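Now for the letters of each chain:
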Amino acid sequence: MTVSTHARRARIHVTGAASAAVRPVLEGSRRPARVLAAFPAGVYLEVRTELEPSVLAVITGAATRLPNSVLLAGPLPHVTVGDDASVGDRAIDLGSLSLSVRRWWDPAPPLGRTDRARLEHAAACLGDPPDPGLSGNGAVEMLAGSCAEGWLLGAVTAAEQLVGLGPGLTPSGDDVLAGLLVTLRHLGAAAGADRAIWLADWLAATVTFDARTRTTPLSATLLHCAARGEASPEVIAVLRGITGRQALEPALRRLHRLGHTSGSDLAQGVGIGLAAVLSLSGPR
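Along each chain, residues carry numbers from 1 onward, in the same order as the chain's sequence is written. Confidence filtering applies because this is a predicted model: local features only for residues at pLDDT of at least 70, side-chain atom pairs given and counted only at 80 or more, and all residues used for totals across whole chains, interfaces and linings. Side-chain numbers here rest on the full set of heavy atoms in the structure, without hydrogens or water.

1. Overview of helix 2 (residues 116–126)
Stage number 1. The rule is simple: take the accessible area with a 1.4 Å probe, protein chains only, and divide by the maximum for that residue type; under 20% is buried, over 50% is exposed, in between is partly exposed. Helix and strand assignments come from DSSP, with helices taken as H or I runs of at least 4 residues and strands as E runs of at least 2, each series counted from the N terminus. Within helix 2, the full set of buried residues consists of Leu-119, Ala-122 and Leu-126. Seen end-on, helix 2 carries its buried residues on one side only, within an arc spanning 60°. With respect to the buried face of helix 2, the exposed residues turned more than 90 degrees away are Ala-117, His-121 and Ala-124.
Stage number 2. A contact between two residues is defined here by any heavy atoms of the two lying within 4.5 Å. Of the surrounding secondary structure, the elements contacted by the buried residues of helix 2 are helix 5 (172–191), helix 9 (233–242), helix 10 (248–256) and helix 11 (262–280).
Stage number 3. One side-chain oxygen of the residue at the start of helix 2 lies 3.3 Å from the amide nitrogen of Ala-117, identifying that residue as Asp-115.
Stage number 4. Phi for Gly-127, located one or two positions after helix 2, is positive at around 70°. Note that the arc is computed from the directions linking the helix axis to the C-beta atoms. As used in this structure description, the phrase polar contact means that two N or O atoms lie within 3.5 Å; if the pair is within protein, one of them must be able to donate a hydrogen and the other to accept it, and residues adjacent in sequence are counted only when both atoms belong to side chains.

2. Concerning the nonpolar core
Stage number 1. One finds Leu-143, Leu-184, Leu-203 and Ile-242 to be the most contacted residues of the largest nonpolar core, which totals 57 residues.
Stage number 2. The residues contacting Leu-203, other than those within four sequence positions of it, are Cys-147, Ala-155, Val-156, Ala-159, Leu-180, Leu-181 and Leu-184.
Stage number 3. Each nonpolar core is a collection of buried residues, namely Ala, Val, Leu, Ile, Met, Phe, Trp, Tyr and Cys, held together in the definition by side-chain atoms within 4.5 Å. In this structure, Val-58, Ile-92, Leu-97 and Leu-99 belong to the second largest nonpolar core, which totals 22 residues.

3. Quick word on the packing of aromatic side chains
Stage number 1. Only Phe, Tyr and Trp rings are paired, with Trp represented by its six-membered ring, and only when their centres lie within 6.5 Å; those with planes under 30 degrees apart are stacked, over 60 edge-to-face, the remainder tilted. According to the stated counting rule, one finds one aromatic pair in the structure shown.
Stage number 2. Ring centres of Phe-39 and Tyr-44 lie 6.2 Å apart, and the angle between their planes is 75°; this geometry places the pair in the edge-to-face category.
Stage number 3. Among the residues examined, Phe-39 registers a relative accessible area of 45% and is labelled partly exposed.
Stage number 4. On the basis of relative accessible area, Tyr-44 is assigned to the buried category, the value being 15%.

4. Brief notes about the confidence of the model for the chain
Stage number 1. Residue-level confidence of the predictor, termed pLDDT, takes values from 0 up to 100. Per-residue confidence for the chain averages 94 on the pLDDT scale, and 96% of its residues sit at or above 70.
Stage number 2. Long-range and interchain partners of residues 1–7, a stretch whose pLDDT sits below 50, account for eight contacts in this model, where long-range means more than four residues apart.

5. A look at the pattern of salt bridges
Stage number 1. The rule for a salt bridge is simple: a side-chain nitrogen of Lys or Arg has to be within 4 Å of a carboxyl oxygen of Asp or Glu. Counted under the stated rule, the structure contains 11 salt bridges.
Stage number 2. A salt bridge links Arg-30 to Asp-89; the nearest nitrogen and oxygen atoms lie 3.9 Å apart. Within this pair, whereas Arg-30 is found in the loop between helix 1 (23–26) and strand 3 (31–39), its partner Asp-89 is found in the loop between strand 7 (84–88) and strand 8 (91–94), the two being separated by 59 residues in sequence.
Stage number 3. Salt-bridge contacts for Glu-52 lead to Arg-212; the nearest nitrogen and oxygen are separated by 2.8 Å. With Glu-52 in the loop between strand 4 (42–47) and strand 5 (55–59) and Arg-212 in helix 7 (residues 211–214), this residue pair connects regions lying 160 residues apart in the sequence.
Stage number 4. According to the relative accessible area criterion, Glu-52 is buried, its value standing at 14%.
Stage number 5. Accessibility expressed as a relative area gives 39% for Arg-212, which makes it partly exposed.
Stage number 6. Residues joined by salt bridges that share partners form a network here, namely Arg-11, Arg-30, Asp-89 and Asp-93.

6. Here's the deal with unusual backbone geometry
Stage number 1. The linkage connecting Glu-52 with the following residue, Pro-53, adopts the cis geometry, with an omega of 5°.
Stage number 2. Along the chain, the position of Pro-53 falls in the loop between strand 4 and strand 5.
Stage number 3. The residue Arg-90 is not glycine, and still its phi comes out positive at about 65°.
Stage number 4. Positionally, Arg-90 belongs in the loop between strand 7 and strand 8.
Stage number 5. On the basis of relative accessibility, which here comes to 31%, the residue Arg-90 falls in the partly exposed class.
Stage number 6. We note that Asp-131 has phi near 50°; this positive angle belongs to a residue other than glycine.
Stage number 7. For Asp-131, the position within the fold is in the loop between helix 2 and helix 3 (138–149).
Stage number 8. Among the residues examined, Asp-131 registers a relative accessible area of 67% and is labelled exposed.

What follows is the structure in structure tokens.
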């Protein structure tokens, strides 16, 4: 342990593991950041950068491992919203904590190939998620129908209406879109459905174009992550369950438990994406 002559308080030096999604920001030059939100199991930092992710989640093992996370083994320091921090040179300085990143994990692991019969079986088992935040919303219904038909204008129009829709750090509309984008990209690749990946590319460009001005900073970052196929382990586990690489029902239950409605909203997006992949991988 060393003592900082600037802050005049003991500094705690620890190591951690980070998502590869945040590698460009963490390995770049040192940049100022501020505490966007602070909870017992996680602190969200907004970094002054044009790169994405521009919001990093510094978390303990008790928090959801979002694709923009840096995980440390010990406790978080006491910080409040608006406190200063810094990020870069493979390190994060936050309050009394100096965190150096030593390991990385992949937030977008490939699923490998799958077949249509397996996807159809998973679709029959998926069902409707419990109490999604936008149940019965017309834009969600339009999004689902347009994606299944491969109607780009309808899908883009619906996505525009959903960005930032709903309360909280991650509005329900963004969670639905994130689940959809990740599913189209991963299951589209697994099933060889090029039209699903084409649709994912267009939707990703739509929802990330001005996300920073239309939704919360954290949610904008998570949309950028989802556009690249990056997601939490709970979402990836459901996709692995759909392709038969692990049990689907336990993975779905874990996803549904995330947040107030976030898990159900993400699952709703996954369901829309799966239906679209099945539709778009069939005969034109």
